[in-house]
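Residue-level listing of the chains:
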Amino acid sequence: ETGVTQTPRHLVMGMTNKKSLKCEQHLGHNAMYWYKQSAKKPLELMFVYNFKEQTENNSVPSRFSPECPNSSHLFLHLHTLQPEDSALYLCASSQDLAGEQFFGPGTRLTVL
Amino acid sequence: ILNVEQSPQSLHVQEGDSTNFTCSFPSSNFYALHWYRWETAKSPEALFVMTLNGDEKKKGRISATLNTKEGYSYLYIKGSQPEDSATYLCAFETGTASKLTFGTGTRLQVTL
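These remarks concern the structure in this document. (Residues numbered from 1 in each chain as written. Chains lettered and ligands numbered in written order. Predicted model: local features only at pLDDT ≥ 70, side-chain atom pairs only at ≥ 80, totals over all residues. Heavy atoms only, no water.)

Looking at the packing of aromatic side chains
Moving on, step 1. What the rule picks out here adds up to 13 aromatic pairs over all chains.
Moving on, step 2. For the pair Tyr35 of chain A and Phe102 of chain B, a centre-to-centre distance of 5.6 Å together with 90 degrees between the ring planes defines the contact as edge-to-face. With one member in each of two chains, Tyr35 of chain A in strand β4 (residues 31-37) and Phe102 of chain B in strand β10 (residues 100-102) form a pair that bridges those chains.
Moving on, step 3. A centroid spacing of 5.3 Å and a plane angle of 45 degrees characterise the contact between Phe21 of chain B and Tyr88 of chain B, whose relative ring orientation is tilted. With Phe21 of chain B in strand β3 (residues 19-24) and Tyr88 of chain B in strand β9 (residues 86-94), this pair connects stretches of sequence that are 67 residues apart.
Moving on, step 4. The class of Tyr88 of chain B is buried, set by a relative accessible area of 0%.
Moving on, step 5. Three or more aromatic residues link up through ring pairs in this structure, and these residues are Tyr33, Tyr35 and Phe103 of chain A together with Tyr36 and Phe102 of chain B.
Moving on, step 6. Taking NZ or CZ as reference, Lys59 of chain B lies 6.0 Å from the ring centre of Phe48 of chain B, over its face. (Phe/Tyr/Trp six-rings, centres within 6.5 Å; stacked < 30°, edge-to-face > 60°. Helix = DSSP H or I, 4+ residues; strand = E, 2+ residues; numbered from the N terminus. Buried < 20%, exposed > 50% of the residue type's maximum accessible area, 1.4 Å probe, protein only. Lys NZ or Arg CZ within 6 Å of the ring centre and 35° of its normal.)

Now the structure itself:
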């Protein structure tokens, strides 16, 4: 459970707020991921980073801005979100780009 | 767009029952099939990573089989216990994209 941590666990924000989600992995992995899960939908990949470099942006709106300062930390900066962005945001890491991913517990985001 | 389907969407069984779920995925460009167990308010936990056609993996009372030619995997739980209650996710990994495409999951509830 402590391999990948996410803060905060819950976040409520208004559409004009700016907030950030934080993910930290203690597994020595090189790749990190952001996923979004909306109600009754599968996990959707948002961003992929490998050795701090972004390798995938899955057509995510620019109001979501990721940042990966080092291989252990991943942020998701949120600005001018819409109510339909309310979802569970999960972070994951893996040793390399292929193979088993280890997930954090997620941040439950509500946009009012 | 890759289509990964899981059935049933939800399942309610009694303690001691054995059960199984299905994951269907594209039969082309296969690299791996992942199974995850996701308890409410916790992190998704990897159960199996399956790569070879005909592969069968087992962890305690849980086992999984893989048929890459026809594009399906079965997850079996023998003698279900209340602690098995969770959502079981499968994810398809292609050989080219090195990313996971998830199904919507099967939600299992085991009651006494």
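Focus: the layout of surface pockets
Moving on, step 1. Counted as a void, the largest pocket has a volume near 700 Å³.
Moving on, step 2. For the largest pocket, the lining is made up of 23 residues, of which Gln37 and Arg108 of chain A together with Trp38, Thr87 and Arg107 of chain B are closest to its centre. (1 Å grid on protein atoms, 1.4 Å probe; cavity = no way out; pocket = protein on both sides within 12 Å on 5 of 7 lines; lining within 4 Å. Points joined across faces, edges and corners; volume = space filled by probe spheres on them.)

A closer look at the interface of chain A and chain B
Moving on, step 1. On the side of chain B, 18 residues touch chain A, which itself brings 21 residues to the contact.
Moving on, step 2. Taken together, chain A and chain B are joined by one salt bridge.
Moving on, step 3. Glu56 of chain A serves as the salt-bridge partner of Lys99 of chain B, at 2.9 Å between the closest nitrogen and oxygen.
Moving on, step 4. At the boundary of chain A and chain B, one finds five residue pairs in polar contact (both at pLDDT 80 or more).
Moving on, step 5. Going through the elements one at a time, β4 and β9 (87-94) of chain A are the ones with two or more residues in the side of chain A that touches chain B. (Contact = heavy atoms within 4.5 Å. Salt bridge = Lys/Arg side-chain N within 4 Å of Asp/Glu carboxyl O. Polar contact = N/O pair within 3.5 Å; in protein donor to acceptor, adjacent residues only side chain to side chain.)

Brief notes about the state of the cysteines
Moving on, step 1. One pass over the full model with this rule turns up two disulfides over all chains.
Moving on, step 2. Sulfur-sulfur distance for the disulfide between Cys23 of chain A and Cys91 of chain A comes to 1.9 Å. Judged by the sign of its S-S torsion, about -70 degrees, the bond between Cys23 of chain A and Cys91 of chain A is left-handed. Of the two residues, Cys23 of chain A sits in strand β3 (residues 18-25) while Cys91 of chain A sits in strand β9, which places them 68 residues apart along the sequence. Per residue, the accessibility class of Cys23 of chain A equals that of Cys91 of chain A, and both read buried.
Moving on, step 3. Two residues, Cys23 of chain B and Cys90 of chain B, share a disulfide whose sulfurs are 2.0 Å apart. Its torsion about the S-S bond being 75 degrees, the disulfide of Cys23 of chain B and Cys90 of chain B is classed as right-handed. With Cys23 of chain B in strand β3 and Cys90 of chain B in strand β9, the pair connects residues that are 67 residues apart, well separated along the chain. A single burial state applies to Cys23 of chain B and to Cys90 of chain B, both of which are buried.
Moving on, step 4. Looking at the unpaired Cys68 of chain A, the closest cysteine sulfur is the one in Cys91 of chain A, lying at 9.0 Å. (Disulfide = S-S within 2.5 Å.)

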